[in-house]
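Residue-level structural notes
Residue-level listing of the chains:
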Amino acid sequence: MDIRIPSLLRIKPDALFKLGKYLRKNGFGRIALIYGEGIEDLVGRSVRISLDSSEITVVRREVVRSNDVADLMTVAFDLPRGTQAVVAVGGGVAVDAGKYIGFLNRLPVIAVPTAISNDGFASPGASLRVDGRRISATAAIPFGVVIDTAVIAGCPPRFTLSGIGDLISKYSAIADWKLAYHATGEAINDFSVMIALQSVQNLVTHPVKTIDDLGFLQLVCGALVMSGVAMEVAGSSRPASGSEHLISHAYERLASRPRMHGEQVGVATIATGWLQGDPSRDTVLHVLEETGFLASIRADPLDRAAFLSAIREAPSVKPGYHTVLSEPDAIDRLTGHVEQDPLWQDLLA
């Protein structure tokens, strides 16, 4: 088994100012620099100062505005000779683009997320588009992850709350994986399970759960990295993605106004946890309440009709992927619960 994990990991305030130092220390003097749209205006000055002070040469600078595979392949096969690493600065689109470009060129990737709305920045895959259709593509897990928690603290709150929603979903994903083992004999990687559960347990036991606290943000960032590593160890997305993700993907297709991935996943985790009879569901609700996630959703609820339709269509999102939604009468039970339980009155409208 060939398992790769980030060798460079820096999560702290003002980490951007030391980005060049981190690159130089790891032998990367010539880089391709990938920015997300609008990100250079936000942090470009800090990045330039850091790179210049360590004499890092940017051999190609690219602003990515989409995650279309054809566009990314054009960039990937046009990198100058002697490029030593790909540095991706921005949100999910930029980091996924950087990971895929690095994968195609067999170059190490340093992910520098400016928001932590999900665990994708540290995962071995990339969410891309082909002919307008969303796909999950193989990509390299980053060689390095550099996160400036001061930058994260400055993001709109819903970005960080989305990351918390994605993180808490590991309870549901692991429950589904174990269910698949008993129902179909699908193999489970116990070490991957331990990493995934430990990542969310760190969140649960942390005494302070306010998203403007730098210590808490550091913990959430580290936990999301651990989730990405769990997927690398498993060789699949199983430890991080189950029935709750299927509902989210279906909702994204059905809703007239889809939400951030982690927001949808967090809400779906409440539903699937009930269906699974998972004892951690009370913990999930407590954490989502304490962090402000539920308050954010109540202020702008998901679409009720689209969410109920997403539950019905979720199993078709990934045929053959056994989850609690594959069980007899599961769909009817869950839709009935969502329609009748008072909890859902404020989360859906």
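To keep things clear, this report deals only with the structure shown in the data block. Sequence order sets the numbering: in each chain, residues are counted from 1 along the sequence as written. At least 70 in pLDDT is required for a residue's local features to be given in this predicted model, at least 80 for side-chain atom pairs to be given and counted, and no such filter applies to totals for whole chains, interfaces and linings, which use all residues. As a rule here, side-chain values cover all heavy atoms of the structure and leave hydrogens and water aside.

1. Looking at the layout of surface pockets
- Cavities and pockets are defined on a 1 Å grid built over the protein atoms alone: a cavity is a set of grid points where a 1.4 Å probe fits but cannot escape, while a pocket is an open set with protein on both sides within 12 Å along at least five of seven lines, and lining residues are those with an atom within 4 Å of any such point. Grid points are joined across faces, edges and corners, and a volume is the space filled by probe spheres set on the points. In this model, the second largest pocket occupies a volume close to 310 Å³.
- Taken together, 16 residues line the second largest pocket, and the ones lying closest to its centre are Arg4, Phe103, Ala139, Ala140 and Ile141.
- Classification convention: Asp, Glu, Lys, Arg as charged; Ala, Val, Leu, Ile, Met, Phe, Trp, Tyr, Cys, Pro as nonpolar; all other residues, Gly among them, as polar. Considered class by class, the residues forming the lining of the second largest pocket number eleven nonpolar, two polar and three charged.

2. A few points about the packing of helix 6 (residues 157-168) against helix 11 (residues 261-276)
- All axes are obtained by fitting lines to C-alpha atoms, using only the stretch in contact for helices, and the reported angles, taken between N-to-C directions, cover 0 to 180 degrees. Working definition: helices are DSSP H or I runs of at least four residues, strands are E runs of at least two. Numbering for both runs from the N terminus. Where helix 6 contacts helix 11, the two axes come as close as 7 Å, and the packing angle between them is 45°. Here helix 6 is positioned oblique relative to helix 11, judged by the angle of their axes. In this structure, helix 6 crosses over helix 11, and the sense of that crossing is left-handed. Across from Arg158, Ser162, Gly165, Asp166 and Ile168 in helix 6, the residues of helix 11 making contact are His261, Gly262, Glu263, Val265, Gly266 and Thr269.
- Within the contact of helix 6 with helix 11, the residues separate by chemical class into two nonpolar, six polar and three charged. Orientation labels follow simple angle bins: below 35 degrees gives roughly parallel, above 145 gives roughly antiparallel, 65 to 115 gives roughly perpendicular, and whatever is left gives oblique. Crossings are assigned a handedness: left-handed for a near helix turned anticlockwise from the far helix by less than a right angle, right-handed for a clockwise turn. Two residues form a contact once any of their heavy atoms are found within 4.5 Å.

3. As for unusual backbone geometry
- Positive phi outside glycine occurs at glutamate 55, with the angle close to 55°.
- The topology assignment puts glutamate 55 in the loop between helix 2 (39-53) and strand 3 (57-64).
- Overall, glutamate 55 belongs to the exposed group, its relative accessible area being 64%.
- Within the chain, aspartate 329 stands out as a residue other than glycine whose phi angle is a positive 65°.
- Turning to its location among the elements, aspartate 329 is positioned in the loop between helix 14 (304-317) and helix 15 (330-340). When accessible area is computed with a 1.4 Å probe and restricted to protein chains, residues below 20% of their type maximum are described as buried, those above 50% as exposed, and intermediate ones as partly exposed.

4. Some thoughts on the nonpolar core
- As used in this record, nonpolar core signifies buried Ala, Val, Leu, Ile, Met, Phe, Trp, Tyr and Cys residues forming a set joined through side-chain atoms within 4.5 Å. Core analysis: the largest hydrophobic core is formed by 67 residues, its most contacted members being Phe121, Leu203, Ile247, Phe307 and Trp344.
- Ranked by the residues each element gives to this core, the list is headed by helix 9 (residues 214-234), at eleven residues.
- Beyond its immediate chain neighbours, meaning those up to four positions away, isoleucine 247 contacts Ala268, Thr272, Phe307, Ala310, Ile311, Ala314, Leu325 and Leu334.

5. Points about the side chain of histidine 337
- Inspection of the secondary structure assignment puts histidine 337 in helix 15.
- Residue histidine 337 is classed as buried on the basis of its relative accessible area of 7%.
- A polar contact is formed between the side chain of histidine 337 and the side chain of tryptophan 344, at a distance of 3.2 Å.
- The residues contacting histidine 337, other than those within four sequence positions of it, are Trp274, Arg281 and Trp344. Polar contact criterion, stated in full: a pair of N or O atoms within 3.5 Å, where within protein one must be able to donate a hydrogen and the other to accept it, and residues adjacent in sequence count only if both atoms are side-chain atoms.

6. A closer look at the environment of proline 124
- In this fold, proline 124 is placed in the loop between strand 5 (109-113) and strand 6 (125-130).
- Separated by 28 residues in the primary sequence, proline 124 and aspartate 96 have C-alpha atoms spaced 9.7 Å apart.
- Dropping the residues within four chain positions of it, proline 124 is found in contact with Thr138, Ala139, Ala140, Ile141, Gly228, Met231 and Glu232.

7. Points about the pairing of strand 2 (residues 30-36)
- Most of strand 2 sits out of view: six of its seven residues are buried.
- Think of it this way: DSSP has to see at least two bridges between two strands before they count as a pair. Here seven bridges tie strand 2 to strand 3, and the two strands are oriented parallel to one another. What sits directly across from leucine 33, in strand 3, is arginine 61.
- For a crossover, the right-handed case is the one in which the path from the first strand over the helix to the second runs clockwise, viewed with the strands pointing away from the viewer. Since strand 2 and strand 3 lie parallel, the crossover through helix 2 that links them has a hand, and here it is right-handed.
- The pairing of strand 2 with strand 4 (residues 85-90) spans five bridges and is classified as parallel.

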